[in-house]
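Listed here are the chains, written in short residue letters.
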Amino acid sequence: MSFQTTLQISGMTCGGCAARVDRALSDNDAVQEASVNLAGESAHVTLGDSADLPLVVQTLDSAGYPARTSEATLQIDGMHCGSCVGRVENALTAVPGVVSASVNLAAETAHVRYLDGVVAPAALARAVTDAGYPAQAGQDDTRRDRGAEKAAESRALARDTMIAGALTLPVFVLAMGAHMVPGMHELIMRTIGMQTSWLIQFGLTTAVLVWPGRRFYRIGIPALLKGAPDMNSLVALGTAAAYLYSVVATFAPALLPAANRAVYFEAAAVIVTLILLGRWLEARAKGRTGAAIRSLLDMQVRTARVEREGALVEVATDALQAGDVIVVRPGERVPADGTVLEGDSYIDESMLTGEPDPMAKTSGDTVTGGTVNGAGSLRIQATAVGADTTLSQIIRMVEDAQGAKLPIQGLVDRITLWFVPAVMTAAALTVLVWLVLGPSPALTLALVAGVSVLIIACPCAMGLATPTSIMVGMGRAAQMGVLFRKGDALQRLAAVDVVALDKTGTVTEGRPELTELELFGDVSRARMLALLAGAEGRSEHPIAAAILRAATSEGVTPAEVTAFDTITGAGLRATVDGADLLIGTEALMRDHDVSVGQEGEIARALAERGRTALFAAIDGKLAAVIGVADPVKPGSVAAIEALHKRGLKVAMITGDRAETAQAIARETGIDHVIAGVLPDGKLSAIDDLRAGGATVAFVGDGINDAPALAQADIGVAIGTGTDVAIEAADVVLISGDLGGVVNAHEVSRRTMRNIRQNLFWAFGYNVALIPVAAGVLYPLTGLMLSPMLAAGAMALSSVFVLSNALRLRGLRPALQEKPGASTRPTPRPVAAPAE
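For every chain, the first residue of the written sequence is number 1, and numbering continues from 1 onward in sequence order. Restriction of local features to residues with pLDDT of at least 70 applies here, the model being predicted, together with a cutoff of 80 or more for giving and counting side-chain atom pairs; totals for whole chains, interfaces and linings are based on all residues. To obtain the side-chain values, all non-hydrogen atoms of the structure were included, while hydrogens and water were left out.

> Break down the sheet that holds strand 17 (residues 482-484) for me, citing the residues and quoting the values.
Pairing between the strands of a sheet comes from backbone hydrogen bonds, and it takes one of two forms, parallel or antiparallel. The seven strands are arranged 17-29-28-27-18-25-26 in an open sheet whose pairing can be described as mixed. Where the open sheet ends on each side, the last strands, each with one partner, are strand 17 and strand 26 (672-674). When the angles between neighbouring strand axes are averaged without regard to direction, this sheet yields 20°. In this analysis, strands are considered paired if DSSP registers two or more bridges between them. To qualify as a helix, a DSSP run of H or I must reach at least 4 residues; to qualify as a strand, a run of E must reach at least 2; elements of each kind are numbered from the N terminus. Pairing geometry for strand 25 (residues 649-653) and strand 26, over three bridges, is parallel. The partner of I653 across the bridge, within strand 26, is I674. Where helix 29 (residues 739-774) meets the sheet, its contacts fall on strand 17, strand 18 (498-502), strand 27 (696-700), strand 28 (714-718) and strand 29 (731-733), and the angle it forms with strand 17 comes to roughly 50°. For helices, the fitted line uses only the C-alpha atoms of the stretch in contact; every axis is such a line through C-alpha atoms, and the angle between N-to-C directions lies from 0 to 180 degrees. Whether two residues are in contact is decided by their heavy atoms, any of which lying within 4.5 Å being enough.

Structure representation (structure tokens):
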């Protein structure tokens, strides 16, 4: 039966494009018929089978006209283990039009990329629901409700656990008391008798299974009948086997050999109680894994005070529009990104930068939604509202990264998908071996061993090992001002060998400052600054801005300019306050017959220290040597030192002169310098650093850094940089301090170590205890693992993994000191930018 669908095509702008798309589709053997619509930017195709759709998509990609895709996030209930993850992913990828699907067990979500027009989010949710896992398409406004759902689930599990515990306790006392308490057996026989004891256990255990324990059967049995057993199926089979065996022993004992007439009601009841307890603890721990996202959501303001027609009106932030004027009172959170129109205050921006000190804000300054206003009142004009605010983008970025699947998770998923069927097979073989080779009572021993194998071999811990660590680690990173835009960056950053840094705006402030002004003759500093500022006020060069800032900071008024002329590549000439002023290089001075003499040595000494050195002449006589530099950021030295302590090499790639770059390298302790390269040259520089198989992270902030950020194994963008650089990066540092690179590497390293610990425990637990549950120690020790102990061990394995992941919430910034607060000498400013 043929399959028809309409694909939305990108990049078709003319009839020639449509013809090329039509030819590409017609040449594809999977396409029976194709009709391209240029006006609708679409192609209607008929295929032999829906399974051929990926081939068609690949054909369009190769032709340069990719099919348009969209993304959806589904909220999914009922997933309990790694095998559930595999089945949900299989259900999604089986839907025609789905390009990729990634399921996160810890977050209980699925991130799906699908072809526009071929399938809709509602159909995706329906496919997952039909597979046995109720799902709905996620919306931004359901985030808070999702947290409430998790709290309600935790309360329901707590209630069921208490009910099961209350019903199970008498069963346990009656069954195990005879073995554990001297005289208990005789007391039971003398009072109610063994048969009555069994009947009481039957009644209470039945209540446990049909009331709090029904969830395992309601989910596990249908999954088993569909040929897709999960963890609930294992619990249902194990408890049902123990229960039904006990029912036969109680009501039809003649069906069993005399040596095998025993009941295991307590095993079924205790198993359900312990697993419910584990689920409850697991739900509570899962709730805490999303604490970072909830703390970010809590920063979003629900209402804002807006000026409308001369009056203040309180409106929902969802109704805000760009351009609205908002009044923020002392102590309130800023409801949207904006620009201060009026007022003076201090804003707590720790949610963005991780730094506790409030930032002064006055007219013309920008503020970010979610930050906290200090003691002053502010009038703010909104520039970004709703989903466009910085906070909303951060939340979206963190959620996307948390839902991503690391490369290490792929192997785990492949194993866990087949793990439950393998366990059921192992349990069946265990029973068979005991029945054939086991000593008397073989049937009883076979039952105990088979149930223990079913119960103990739960893949929950394996499924939770990676996603829980990712959620907690990335959430904590966001609180420290580090955003992982791509989930796999977390794993790749931990393996970095070399950190390559851009210079301007990354290692340095990116803003040159006047550092030296050596005067000759009888001209005063104030007079010289006035003349320089007057002339440079006509220039747009960064050095001119540095001189103007210096004059302003010293309260000097620029002198009046009556003539001005720029000399390209050399400097400028101007008539300022009646004086003929010449500013520029030594070559410019020689060209205008200005004698430099020994003062040239001063300029050369400044150049050796990384300064950009210029000369100034008044009326044909040398009057000053000017030194301008781009200061090193206060935190750069400490950050580079911290990277060295972690065994990383640090390189700098810059378009500036080699002398300037070497001066910065000496100042900051950078190992390797690549200077004088253009933006495209940074790509080959990164390839050179990769020599020998090294993994390279590149840190930059400018538009010219975007290609290098994309080329590196890991691109790290300084958040104070350009949008282009941020879009090209894998990791974004919200603050402009290099200490964020250290924090990002530390979070990555610690999270990956946490994941490896979890996986070692999860796999080691199963490898070690499944044989024990099967009874391999019985021939040597005569001991069998009780199904009750198996249930306890299984519950604890998941709780251990979650608890270990939650330790990441205690991560502290790798650089505890605030930039600039170090006791080390303040780094000297170095050279002006040439990038």
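> Break down the nonpolar core for me, with residues and values.
For this analysis, a nonpolar core means a set of buried residues of the types Ala, Val, Leu, Ile, Met, Phe, Trp, Tyr and Cys, connected via side-chain atoms within 4.5 Å. Residue exposure (1.4 Å probe, protein chains only): buried if accessible area is under 20% of the type maximum, exposed if over 50%, otherwise partly exposed. Core analysis: the biggest nonpolar cluster contains 128 residues, and L92 and F484 have the highest contact counts within it. It is helix 29 that contributes the most residues to this core, twelve residues altogether. Those residues in contact with L92, other than ones at most four positions away along the chain, are L74, V98, A101, V103, A110, V112, L124 and V128. Of all hydrophobic cores here, the second largest spans 31 residues; its members include L529, A550, I618 and I626.

> Go over unusual backbone geometry, please, and point to the residues and values.
Cis geometry is adopted by the peptide bond preceding P441, which originates at S440 and carries an omega value of -5°. In this structure, D619 takes a positive phi of about 50° despite not being glycine. Inspection of the secondary structure assignment puts D619 in the loop between strand 23 (612-618) and strand 24 (621-630). According to the relative accessible area criterion, D619 is exposed, its value standing at 52%.

> So what's going on with the sheet that holds strand 15 (residues 372-373)? Which residues, and what values?
Strand order in the open sheet formed by three strands is 13-12-15, with antiparallel pairing between adjacent strands. Lying at the two open borders of the sheet, with one neighbouring strand each, are strand 13 (359-361) and strand 15. Note that strand 12 (residues 345-348) and strand 13 share three bridges and pair antiparallel. Counterpart to Y346 in the pairing with strand 13 is A360.

> Describe the pattern of salt bridges, listing the residues and the values that go with them.
Counted as salt bridges are all cases of a side-chain nitrogen of Lys or Arg within 4 Å of a carboxyl oxygen of Asp or Glu. Following the criterion strictly, the structure yields 25 salt bridges and no others. When the shortest N-O distance is used, the salt bridge between D160 and R159 registers 3.3 Å. Among the residues examined, D160 registers a relative accessible area of 5% and is labelled buried. With a shortest N-O distance of 3.0 Å, R308 and D324 are connected by a salt bridge. Of this pair, R308 sits in strand 8 (residues 303-308) while D324 sits in the loop between strand 9 (311-316) and strand 10 (325-328), placing them 16 residues apart in sequence. Accessibility expressed as a relative area gives 32% for R308, which makes it partly exposed.

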